[in-house]
Amino acid sequence: MSFDRKIKIAPSILSADFANFGQEIQAIESQGADWVHVDVMDGHFVPNLTFGPQAVKAFRPHVKTVMDVHLMISPVDQYIDAYADAGADVLTAHIEAGPHIHRTLQAIRAAGMKAGVALNPGTPAEAVQHLLDLTDLICVMTVNPGFGGQKFIDMTGKVRQLRSMIGDRPVHIEIDGGVDPKTAPLVAEAGADVLVAGSAVFRGGSVAQPEVYGENIKAIRAAAEGSWT
Ligand SMILES: O=C(CO)[C@H](O)[C@H](O)COP(=O)(O)O
Ligand SMILES: [Fe+2]
């Protein structure tokens, strides 16, 4: 996986048909998804449950792009090797999942994955000041984590601040929550390059009508790229 700052659209399979993940992944990739975003929730760090490493491993053969695994779990460290074995390319842990995010990021890289750190809306940009050389991706949550389909919380100021703190380091800024063609230009202009979108990609489509996914992805990308003037 090489680094670039082009806009990447990462559909979240949280909004896919849970009985049909393999075909759903193939459908979004065939329709232009750059990455596949996988939301892991534990019913403890967040008030919802999704899937664990065994399910993520079953997704792997279907993902031909980048498997971007967003852990909303606490604790994290004892599961890192399981997600490496499951085939995650990027593994993101929340800074709020504590207690030792510095160690967690080191362990993710040591296990052979790109290391991401996620920030809840209430967590300031300064929280990652001393982690910038240990991280490959900063995920700025624009909803409180736990559910798809929530309303976008404007974190544009935080994104701008992070892009300036990052300087010329090869660190992605990912936006997660409520991204659609209206909100995408705000965060892209501020310096984000990975846009996660669940409901705005899957809305109106299905594996029988994958072209709807394609139109939705295209609309988000065009809106985001339009902001680069
Ligand atoms: O991490 C998440 C929720 O905690 C999801 O990735 C996110 O909510 C995407 O869904 P949507 O685009 O519908 O908001
Ligand atoms: Fe997510």
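- The name that an unreviewed UniProt entry assigns to the protein is Ribulose-phosphate 3-epimerase, with the source organism given as Tritonibacter aquimaris.
- The Catalytic activity (unreviewed entry) field of the UniProt record for the protein holds the comment "D-ribulose 5-phosphate = D-xylulose 5-phosphate".

### Some details on the site of ligand 1
So, point 1. Among the 19 residues in the neighbourhood of ligand 1, the closest are listed as Asp39, Gly149, Asp176, Gly198 and Ser199.
So, point 2. In this structure, His70 approaches ligand 1 through a side-chain N or O atom, which is 3.2 Å from an oxygen atom.
So, point 3. Here an oxygen atom of ligand 1 and a side-chain polar atom of Ser199 are 2.6 Å apart.
So, point 4. Across the complex, the protein chains shield 100% of the 370 Å² of accessible surface that ligand 1 would expose by itself.
So, point 5. Listing elements by their share of the shell around ligand 1, those giving two or more residues are strand S2 (36-41), strand S3 (67-72) and strand S8 (194-197).

### Re the confidence of the model for the protein
So, point 1. For the protein, the average pLDDT comes to 97, and 99% of its residues sit at 70 or higher.
So, point 2. Across the interface, the model reports ipTM at 0.98; the global pTM reads 0.98.

### Looking at the nonpolar core
The nonpolar side chains of a soluble globular protein tend to be buried with one another.
So, point 1. Counting 72 residues, the largest nonpolar core has Ile13, Val56, Val69, Val128, Ile138, Ile175 and Leu195 as the members making the most contacts within it.
So, point 2. The contacts of Ile13, once residues within four sequence positions are left out, are Phe18, Phe21, Ile25, Ile28, Val36, His37, Val38, Phe51, Phe59 and Phe202.

### A few points about helix H1 (residues 21-30)
So, point 1. Among the 10 residues that make up H1, seven are buried, leaving the element largely enclosed by the rest of the structure.
So, point 2. Within the span of H1, buried status applies to Phe21, Gly22, Glu24, Ile25, Ala27, Ile28 and Glu29.
So, point 3. Where the residues of H1 are buried, they touch strand S1 (8-11), S2, helix H2 (53-59), helix H7 (199-202) and helix H8 (210-226).
So, point 4. After H1 finishes, the residue Gly32 shows a positive phi value of roughly 105°.

### A few points about the UniProt feature "binding site: substrate" (unreviewed entry) in the protein
So, point 1. Per the UniProt record, the feature "binding site: substrate" (unreviewed entry) sits at Ser12, His70, Gly146, Phe147, Gly148, Gly149, Asp176, Gly177, Gly178, Gly198 and Ser199.
So, point 2. If you trace the backbone, Gly177 turns up in the loop between strand S7 (172-176) and helix H6 (184-190).
So, point 3. On the basis of relative accessibility, which here comes to 9%, the residue Gly177 falls in the buried class.
So, point 4. Apart from the residues within four sequence positions on either side, Gly177 is in contact with Thr142, Val143 and Phe152.
So, point 5. By the element assignment, Ser199 lies in helix H7.
So, point 6. Residue class for Ser199 comes out partly exposed when judged on its relative accessible area of 28%.
So, point 7. Excluding anything up to four places from it in sequence, Ser199 contacts Ser15 and Gly149.

### Describing unusual backbone geometry
So, point 1. Omega for the bond connecting Ser74 with Pro75 falls within 30 degrees of zero, at 0°, which places this linkage in the cis form.
So, point 2. Within the element layout of this structure, Pro75 appears in the loop between S3 and helix H3 (80-86).
So, point 3. Residue Gly98 is joined to Pro99 through a cis peptide bond whose omega torsion reads -5°.

### Quick notes on the packing of H1 against H8
So, point 1. Contact pair H1 / H8: the axes reach a minimum separation of 8 Å and the direction vectors enclose 50°. When the axes of H1 and H8 are compared, the pair comes out oblique. Note that H1 runs across H8; the crossing there is right-handed. Within the contact between the two elements, H1 uses Glu24, Ala27 and Ile28 and H8 uses Pro210, Tyr213 and Ile217.
So, point 2. Tallied by class, residues from the contact of H1 with H8 come to five nonpolar, no polar and one charged.

About the thresholds
Residues numbered from 1 in each chain as written. Chains lettered and ligands numbered in written order. Predicted model: local features only at pLDDT ≥ 70, side-chain atom pairs only at ≥ 80, totals over all residues. Heavy atoms only, no water. UniProt positions renumbered as here; feature names shortened; annotations may be inferred. Near = heavy atom within 4 Å. Polar contact = N/O pair within 3.5 Å; in protein donor to acceptor, adjacent residues only side chain to side chain. Areas by Shrake-Rupley, 256 points an atom, 1.4 Å probe, with all protein chains shown as cover. Helix = DSSP H or I, 4+ residues; strand = E, 2+ residues; numbered from the N terminus. pLDDT = per-residue confidence, 0-100. Core = buried A, V, L, I, M, F, W, Y, C linked by side-chain atoms within 4.5 Å. Buried < 20%, exposed > 50% of the residue type's maximum accessible area, 1.4 Å probe, protein only. Contact = heavy atoms within 4.5 Å. Axes fitted to C-alpha atoms, helices over the stretch in contact; angles between N-to-C directions. Parallel < 35°, antiparallel > 145°, perpendicular 65-115°, else oblique. Left-handed = near helix turned anticlockwise from the far one by under 90°. Nonpolar A, V, L, I, M, F, W, Y, C, P; charged D, E, K, R; others polar.

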